[in-house]
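Descriptive structure summary
Single-letter residue listing:
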Amino acid sequence: MPVKTIHSWNTLLSAYSKQGKMAEANEIFNKMPNPDSVSWSTLIVGYNQMGRFKRAIKVFSEMIKERVTPSEYTMTSVLASCAATEALDIGRKVHSFVVKFGLSGYVSVTNSLLNMYAKSGDPMMMMVIFDRMGYRDTSSWNVMVSLHMQYGQVDLAREKFERMNERDIVTWNSMIAGYNQHGYDLDALATFGNMLRDSLLFPDQFTFVNTLSACANLEMLKVGKQIHARIVIMQFGINGPVGNALILMYAKSGGVHIAQKIVEHAGISNLDVIAFTSLLDGYIKLGDIEPARQIFDSLIDRDVVAWTAMIVGYLQNGLNSDALELFRLMVRDGPKPNNFTLAAMLSVSSSLTSLSHGKQIHAIAIRTGQASSVSVNNALITMYARTGSINYARQVFSRIHGFRDTVSWTSMIMALAQHGFGEEALELFEKLLAAGIKPDHITYVGVLSACTHVGLVEQGRSYYSMMKDFHKIEPTLSHYSLMVDLLGRAGLVQEAYDFIKRMPIEPDVITWGSLLSSCKVYKNVELGRVAAERFLHIDPENSGAYSALANLYAVCGKWEDAAKTRKLMKDGGVKKEQGISWVQIKNKVHVFGADDGLHEQKDEIYKKISEIWEDIKKMGFVPDTASVMHDLEEEVKEQMLRHHSEKLAIAFALMNTPENTTLRIMKNLRVCNDCHSAIKFISKLSGREIIVRDVTRFHHFKDGSCSCRDYW
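If you're wondering where the values come from, they're calculated on a predicted model, not measured in any experiment.

1. Looking at the overall build of the protein
Helices and strands together make up the secondary structure of the protein, namely 38 helices and six strands. Scaling as 2.2 N^0.38, a compact globule of 712 residues should have a C-alpha radius of gyration of about 27 Å, whereas the protein reaches 35 Å, well beyond that. Seen through its principal axes, the protein has C-alpha atoms that stretch 125 × 55 × 55 Å. When the 712 residues of the protein are sorted by exposure, 50% land in the buried category. The contacts in the protein between residues at least 6 apart in sequence include a share of 61% that link residues at least 24 apart. Roughly 34400 Å² of accessible area belongs to the protein as shown, and the carbon and sulfur atoms make up 52% of that amount.

2. So, the environment of Lys-160
Tracing the backbone through its elements, the reader meets Lys-160 in helix α10 (residues 154-163). Residues Lys-160 and Asn-142, spaced 18 residues apart in sequence, show a C-alpha to C-alpha distance of 8.8 Å. Discounting chain neighbours no more than four positions away, the residues touching Lys-160 are Phe-130, Trp-141, Met-144, Val-145 and His-148.

3. Structural notes on the packing of aromatic side chains
Aromatic rings considered in pairs are described by the distance between their centres and by the relative angle of their planes. What the rule picks out here adds up to 19 aromatic pairs. Arranged with centres 6.4 Å apart and planes meeting at 65 degrees, the rings of Phe-192 and Phe-208 form a pair that is edge-to-face. Of this pair, Phe-192 sits in helix α12 (residues 185-198) while Phe-208 sits in helix α13 (residues 205-218), and the two are 16 residues apart along the sequence. For the pair shown, Phe-192 and Phe-208 are each scored as buried. Ring geometry for Tyr-480 versus Phe-499: centroids 6.1 Å apart, planes at 55 degrees, classification tilted. Pair noted here: Tyr-480 is in helix α29 (residues 477-489) and Phe-499 is in helix α30 (residues 493-502), with a separation of 19 residues, a long-range link. In this structure Tyr-480 comes out as buried when scored by relative accessible area, which is 5%. Residue Phe-499 is classed as buried on the basis of its relative accessible area, which comes to 10%. Three or more aromatic residues joined by ring pairs make a cluster, and in this case those are Phe-60, Phe-97 and Phe-101. Sitting over the face of the ring of Phe-421, Arg-394 holds its NZ or CZ atom 4.8 Å from the ring centroid.

4. Some remarks on the UniProt feature "repeat: PPR" (unreviewed entry) in the protein
UniProt records the feature "repeat: PPR" (unreviewed entry) for residues 5-35, 36-70, 137-171, 272-302, 303-337, 405-439 and 542-576 in the present numbering. Taken as a whole, residues 272-302 contains 74% helix and 0% strand, while its terminal C-alpha atoms sit 9 Å from one another. Each end of residues 405-439 is marked by a C-alpha atom, and these two atoms are 10 Å apart; helix forms 74% of the span and strand 0%.

5. Some points on unusual backbone geometry
Look at Lys-523: it is not a glycine, yet its phi comes out positive at around 55 degrees. Note on placement: Lys-523 falls in the loop between α31 (509-521) and α32 (525-538). One non-glycine residue, Arg-709, lies in positive phi territory at about 55 degrees. Inspection of the secondary structure puts Arg-709 in the segment after β6 (705-706).

6. Digging into helix α23 (residues 374-386)
Here α23 spans 18 Å end to end across 13 residues, near enough to the 18 Å set by a 1.5 Å rise per residue. Listed in full, the buried residues belonging to α23 are Val-376, Asn-377, Asn-378, Ala-379, Leu-380, Ile-381, Met-383, Tyr-384 and Ala-385.

7. Describing the pattern of salt bridges
Here the structure, examined in full by the defined rule, presents 23 salt bridges. The partner of Arg-197 in a salt bridge is Asp-198, with the nearest N and O atoms 3.1 Å apart. The class of Arg-197 is exposed, set by a relative accessible area of 58%.

8. Looking at the layout of surface pockets
Its boundaries defined by the atoms lining it, the second largest pocket holds a volume of some 620 Å³. In terms of lining, the second largest pocket is formed by 28 residues, of which the most central are Leu-355, Val-583, Gln-584, Ile-585 and Arg-664. Every element with two or more residues in the lining of the second largest pocket is listed here: α20 (320-333), α21 (339-352), α22 (355-367), β1 (580-585), α37 (645-656) and β3 (663-667). Each residue belonging to the lining of the second largest pocket can be placed in one class, and the counts come to 11 nonpolar, 13 polar and four charged.

9. Focus: the nonpolar core
Ranked by size, the top nonpolar core spans 179 residues in total, and within it Leu-246, Phe-276, Leu-279, Met-310, Met-412 and Leu-515 carry the most contacts. Three or more residues apiece are contributed to this core by two domains, here domain 1 (1-135) and domain 2 (475-572). Beyond its immediate stretch of four places on either side in the chain, Met-310 contacts Phe-276, Leu-280, Ile-289, Ala-292, Arg-293, Phe-296 and Leu-326. In this structure, Phe-592, Ile-612, Leu-641 and Ile-682 belong to the second largest nonpolar core, which totals 33 residues.

10. Remarks on the side chain of Asp-122
Residue position: Asp-122 is located in the loop between α7 (107-120) and α8 (123-132). Among the polar contacts made by the side chain of Asp-122, one reaches the side chain of Arg-92 at a distance of 3.0 Å. Setting aside residues no more than four positions away along its own chain, Asp-122 makes contact with Leu-88, Arg-92 and Tyr-117.

11. Some points on the environment of Tyr-47
Among the structural elements, Tyr-47 can be located in helix α3 (residues 37-49). Judged by relative accessible area, which is 3%, Tyr-47 ranks as buried. For the pair Tyr-47 and Lys-21, spaced 26 residues apart in sequence, the C-alpha separation works out to 9.7 Å. Aside from chain neighbours lying at most four places away, what touches Tyr-47 is Met-22, Asn-26, Arg-52, Phe-53, Arg-55, Ala-56 and Val-59.

12. Things to note about the packing of helix α11 (residues 169-181) against α12
Relative orientation and spacing of two packed helices are given, respectively, by the angle between their axes and the distance between those axes. Direction vectors running N to C along α11 and α12 enclose 160 degrees, while the axes themselves pass 7 Å from each other. The orientation of α11 with respect to α12, classified from their angle, is roughly antiparallel. Between α11 and α12 the crossing geometry is left-handed. Contact residues: Ile-169, Trp-172, Met-175, Ile-176, Tyr-179 and Asn-180 in α11; Asp-185, Asp-187, Ala-188, Thr-191, Phe-192, Asn-194 and Met-195 in α12. Broken down by class, the residue content of the contact of α11 with α12 amounts to eight nonpolar, three polar and two charged.

13. Some points on the sheet that holds strand β4 (residues 690-693)
Paired through their backbone hydrogen bonds, the strands of a sheet run either parallel or antiparallel. Here six strands make up an open sheet; going across it, the order is β2-β1-β3-β4-β5-β6 and the pairing mixed. Looking along the sheet, the strands with just one partner apiece sit at the ends: β2 (588-593) and β6. Sheet topology places β4 next to strand β5 (residues 698-702); four bridges connect them, and they run antiparallel. Bridged to Val-692 within β5 is His-699. Contacting β1, β2, β3 and β4, α37 runs over the sheet at an angle of about 15 degrees to β1.

14. Regarding the pairing of β1
Taking every second residue as pointing to the same face, the buried face of β1 carries Ser-581, Val-583 and Ile-585, while none of Ile-580, Trp-582 and Gln-584 on the other face is buried. Alignment of β1 against β2, held across six bridges, turns out to be antiparallel. If you follow Ile-585 over to β2, its bridge partner there is Lys-588. Hairpin connection from β1 to β2: two residues lie between these consecutive antiparallel strands, with Lys-586 at a positive phi of about 55 degrees. Examined bridge by bridge, β1 and β3 share two bridges and lie antiparallel to one another. Paired with Ser-581 across the bridge in β3 is Lys-667.

Rules used throughout
- Residues numbered from 1 in each chain as written.
- Predicted model: local features only at pLDDT ≥ 70, side-chain atom pairs only at ≥ 80, totals over all residues.
- Heavy atoms only, no water.
- Helix = DSSP H or I, 4+ residues; strand = E, 2+ residues; numbered from the N terminus.
- Rg over C-alpha atoms; globule rule 2.2 N^0.38 Å.
- Buried < 20%, exposed > 50% of the residue type's maximum accessible area, 1.4 Å probe, protein only.
- Contact = heavy atoms within 4.5 Å.
- Areas by Shrake-Rupley, 256 points an atom, 1.4 Å probe, with all protein chains shown as cover.
- Phe/Tyr/Trp six-rings, centres within 6.5 Å; stacked < 30°, edge-to-face > 60°.
- Lys NZ or Arg CZ within 6 Å of the ring centre and 35° of its normal.
- UniProt positions renumbered as here; feature names shortened; annotations may be inferred.
- Expected span 1.5 Å × (residues − 1).
- Salt bridge = Lys/Arg side-chain N within 4 Å of Asp/Glu carboxyl O.
- 1 Å grid on protein atoms, 1.4 Å probe; cavity = no way out; pocket = protein on both sides within 12 Å on 5 of 7 lines; lining within 4 Å.
- Points joined across faces, edges and corners; volume = space filled by probe spheres on them.
- Nonpolar A, V, L, I, M, F, W, Y, C, P; charged D, E, K, R; others polar.
- Core = buried A, V, L, I, M, F, W, Y, C linked by side-chain atoms within 4.5 Å.
- Domains from an automatic or database assignment.
- Polar contact = N/O pair within 3.5 Å; in protein donor to acceptor, adjacent residues only side chain to side chain.
- Axes fitted to C-alpha atoms, helices over the stretch in contact; angles between N-to-C directions.
- Parallel < 35°, antiparallel > 145°, perpendicular 65-115°, else oblique.
- Left-handed = near helix turned anticlockwise from the far one by under 90°.
- Pairing = 2+ DSSP bridges.

Right under this line is the structure:
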């Protein structure tokens, strides 16, 4: 062209900018003899559309230095770049130029200012601008509605929405999404219904995603199906967010099999982590974990959330070995575990009562920088407590002094209670109250448990009243059962029964079981019979109730009644739960039953326990043959006692561990009186600390005494 006007240059510049060829556009711009406002604006718009927001702002700065007057189009683009980068200080300077050049009267500019202040964190200035606007279009109102919802000001958003004369799809979506995000799911669905009824607008993918999310939260399968039908009628694709929202809705609302069909139709590759975790949760509720693992294995992008969700799925289904195996695979081939992953794995270690596994997870937490996480430390407290290492639990709790939450305090109180350190647990609870932290219902489970294990009846009554009257926490079955246990253990059996009769909810087997155990200890046959009958009415197949009642008759010398109870149990096909004990040595778990003859070292074990038996008898130990609830010769009773599972486990552990190491024994039932007495003597004889965890608590045996002070 022999003659190139500014319009010619701008046309060429605009062509390159619109195609995203910013290097060429910049080259054209630099060749221009006298770029005007349109030239500068075209370059700024191009950079903004390409996501090069900082470059767009820099070009605007150069434009101002060159004393070129910006237009309203310049301002809307540069303000959009400020909003995208949340550059509040720069945005304020741009605002000053808007005022200087008299551009405040353009609605598009004031809307851009509203958007910039909203996204950059200055809602007060945004409100000032909105209130001063002479004319507001739909976009102006939309920004305000969105802002109020963003800050949880649902009532203000609703007020702005109702004042609008015209509403577009963005308006309706802002209201529906805001309601959904802040827990007003019924309002979200009602707004969706109003939109369909009162407007000619068609829902888009954002509308469907948020309404389906509301259905998922409310578990409204029927409404969700209706929305699904509309999606099908409108021929919406389900390969993206809408498909994931459908999967989420069906998985949460009891339609997991329909969710599975959508996955098969849409393809695994499009499944996001939220939909996967919901689908996984749906299968967990059905107790069917295998389909979830198949989906997990097929995911292309498995991030840490997906791995953690799968591990938690195994944990919730009691598949601890599978959880461990998947975690090993994650450490080897997957993403770095986060604090939620490690907390889940510590729960696995707790369930397995595996101190060695727990220590390995602790080491990984330190190595990956997660050791400072509150959730990891809370899980560490529980893990160390459940594996018998209460001192390690104390150390972890002490280390997080500056950032303990309610769970931290509760975990430590529960740990101390389980280990028989009731007074220390209550002291810690008082420190919690002094720190201004509000206890929850689980905290009070720990507090009442602490009172129960050490026989603090009056304190237990006081804390129970405090829970109800001061902290306004409604008692659960756990609290009621603990109060029954507290009273019964202290010999207040009739009061415990009266307490049960006053309960506003139906007692469970734990409540009646606690009363039955107390009746056995204090030889109250009449109440024991009532407790057993109520227990068996709830759970007729429970062998524990039959055994406890038979033992109650036996300790009271009612041998015929004991025999009748055992016959009744046998005739009913109810099998007695076998008492077993186990100990982990060198990463291998060794399990023992009473009179166990299956272990490969059985001959050495029986020889060892016989030697121990004779030695502790010389020290003053007297076998409690009365605890054998059968009418047999004393010598036979003594032999039966000698071969109880926990004694065999201790004999084996003494043979296979270095001197002075602590023994950790686990048992599935309550430790009997004879074993409790014998282990005290064995701890003194061997010079070892022996930690025994039975079905209710931990016992720390050392130097001939037990942490429970013979009250358990």
